[in-house]
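Spelled out, the chains give:
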Amino acid sequence: MNTSRLLLSLIALLPLSAAPALAQDKVLNLYSARHYQTDEALYSNFTRQTGIKINRIEAKEDELLERIRNEGVNSPADIFLTVDAARLAKADELGLFAPVKSKLLEARIPANLRSPDWFAFSTRARVIVANRELVKTEEVQNYEDLAGPKLKGKVCSRSGSHPYNISLMAALIAHLGEAKAEEWARGVVANFARAPKGGDTDQIKAVAAGECGVAVSNTYYLARLLRSEKPEDRRLMERIAIVWPNQKSFGAHINISGGGMLKTAPNKESAVKFLEYLAGDDAQRYFADGNNEWPAASVTVKNPALEAMGKFKPDSLPVSTLAKNAVSAQRIYDRAGWK
Ligand code: FE
């Protein structure tokens, strides 16, 4: 055998000899838009329990989605984790997820918090925050009130294109119908204290500073401030009231963080195991509490900030409905000029 033929046969042998080693070495490739420090423990615990090593890529939601699309059938990604129903819907619409059938996931995650393709692992509410001196809380008990004439020049908001507001509008479409939902959007826009800018925390700060009277915010931003040791954060929280909206009607709008298995996942067995792991008691506590959220499964969490915010009636709308209404929601904001 000459050298080049020897080389050729060696190369031909390579994939075969490499295969058994890879099969033993179980891995999970996780693309995550979550980036909380407590997640470290969440992942190492999974590896300890299952022997499956996690390779993690963390980036912004849209970057990860773009990356998965560009990688196509060759994508190493097994699981995509993100926040917000509208974003999960986008991944689903692009046909990226594979349906997962798991008795355990069906038993642990309530039906309104999953779709055939993805699962919620924690929930957050979108609440009204009001400046105690500028606005009477009795006047801002419902999302609908934000569009009322009493709040002229008093409403601050982040962009209407942001997934959190898209999902809120998606819920309002489901409860009020498209026409009323659009009327609401126009009413809120007419009440703006300033053009939409910044994130939820910026709205909370603007309300505390009196730049506006009311805004909406996800609960974990408020919980973060409530747990803060900084005196300026404490003073800020003293100036605002947190209102659970629509307690006498459909309940406070609920959004989720969650994920699913990708259609092109090379390690499908590990992927399902990981999703099932996330629905377990310990993982649920880590996953939710790490960002001051509520677990999707019925697990109790000891979190002083969540407790301080009290009990409330959540909207029981299926999150898959939020996903379905996301496109109409964006159109309504566009038509209403909620930039
Ligand atoms: Fe957020």
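Residues numbered from 1 in each chain as written. Predicted model: local features only at pLDDT ≥ 70, side-chain atom pairs only at ≥ 80, totals over all residues. Heavy atoms only, no water.

**Describing the packing of aromatic side chains**
One pair of aromatic rings is described through two measures. These are the centre distance and the angle between the planes. Applied cut-off: A pair of aromatic rings is counted whenever rings of Phe, Tyr or Trp (Trp by its six-membered ring) have centres within 6.5 Å, and the orientation is called stacked for planes under 30 degrees apart, edge-to-face for over 60 and tilted otherwise. Starting at the N terminus, helices and strands are each numbered in turn, a helix being any DSSP run of H or I of at least four residues and a strand any DSSP run of E of at least two. Relative accessible area decides the class of each residue, using a 1.4 Å probe on protein chains only: under 20% of the type maximum gives buried, over 50% gives exposed, and in between gives partly exposed. Whether a charge lies above a ring is judged from NZ of Lys or CZ of Arg, which has to be within 6 Å of the ring centre and within 35 degrees of the ring normal.
Under the criterion given, the structure shown has 13 aromatic pairs. With 5.4 Å between their ring centres and 90° between their planes, Phe192 and Trp338 make a pair best called edge-to-face. Linking Phe192 in the loop between α7 (178-191) and α8 (200-209) with Trp338 in the segment after α14 (319-336), this pair joins segments that are 146 residues apart in sequence. As far as the burial class goes, Phe192 and Trp338 line up, both buried. With a centroid separation of 5.2 Å and an interplanar angle of 55°, the aromatic rings of Trp294 and Phe312 are classed as tilted. In this pair, Trp294 sits in strand β8 (residues 294-295) while Phe312 sits in the loop between α13 (304-309) and α14, placing the two residues 18 residues apart along the sequence. When its relative accessible area of 21% is taken as the criterion, Phe312 is described as partly exposed. Grouped by ring-pair contacts, the aromatic residues Tyr43, Phe46, Phe274 and Tyr277 constitute a single cluster. Just above the ring of Phe287 sits the side chain of Arg34; from NZ or CZ to the centre is 3.6 Å.

**Some words on the state of the cysteines**
Selection rule: Two cysteine sulfur atoms make up a disulfide if the distance between them is within 2.5 Å.
All chains considered together, the criterion is met by one disulfide. Between Cys156 and Cys212 runs a disulfide, and the two sulfur atoms are separated by 2.1 Å. With the S-S bond torsion at -105°, the cross-link from Cys156 to Cys212 turns out left-handed. Linking Cys156 in the loop between β4 (119-131) and α6 (163-176) with Cys212 in the loop between α8 and β5 (214-218), this pair joins segments that are 56 residues apart in sequence. Across this residue pair, the class does not change: Cys156 and Cys212 are buried.

**Digging into the domain arrangement of the protein**
The line we're drawing: These domain limits were set by an automatic method or by a database of domain assignments. By the convention used here, residues are in contact when the closest approach between their heavy atoms is within 4.5 Å. Buried area adds together the accessible area that both of two parts lose upon being put together, with accessible area traced by a 1.4 Å probe. For salt bridges, the criterion is a side-chain nitrogen of Lys or Arg within 4 Å of an Asp or Glu carboxyl oxygen. Any pair of N or O atoms that falls within 3.5 Å is considered a polar contact. Within protein, one atom must be able to donate a hydrogen and the other to accept it, and sequence-neighbouring residues count only if both atoms are side-chain atoms.
Domain annotation of the protein identifies domain 1 (26-122 + 255-302) and domain 2 (123-253 + 313-336). The interface of domain 1 with domain 2 comprises 20 residues on the first partner and 24 residues on the second. Sorting the residues of domain 1 by area buried against domain 2 places Asn255, Asn292 and Trp294 first, and these three jointly supply 35% of that buried surface. Between the two partners, domain 1 and domain 2, sit one salt bridge. Taking the shortest distance from any N to any O, the salt bridge between Glu293 and Arg124 comes out at 2.5 Å. Our count for the domain 1 to domain 2 interface comes out at eight residue pairs in polar contact (both at pLDDT 80 or more). Looking at the side of domain 1 that touches domain 2, the element that brings in the most residues is helix α4 (residues 85-93), giving five residues.

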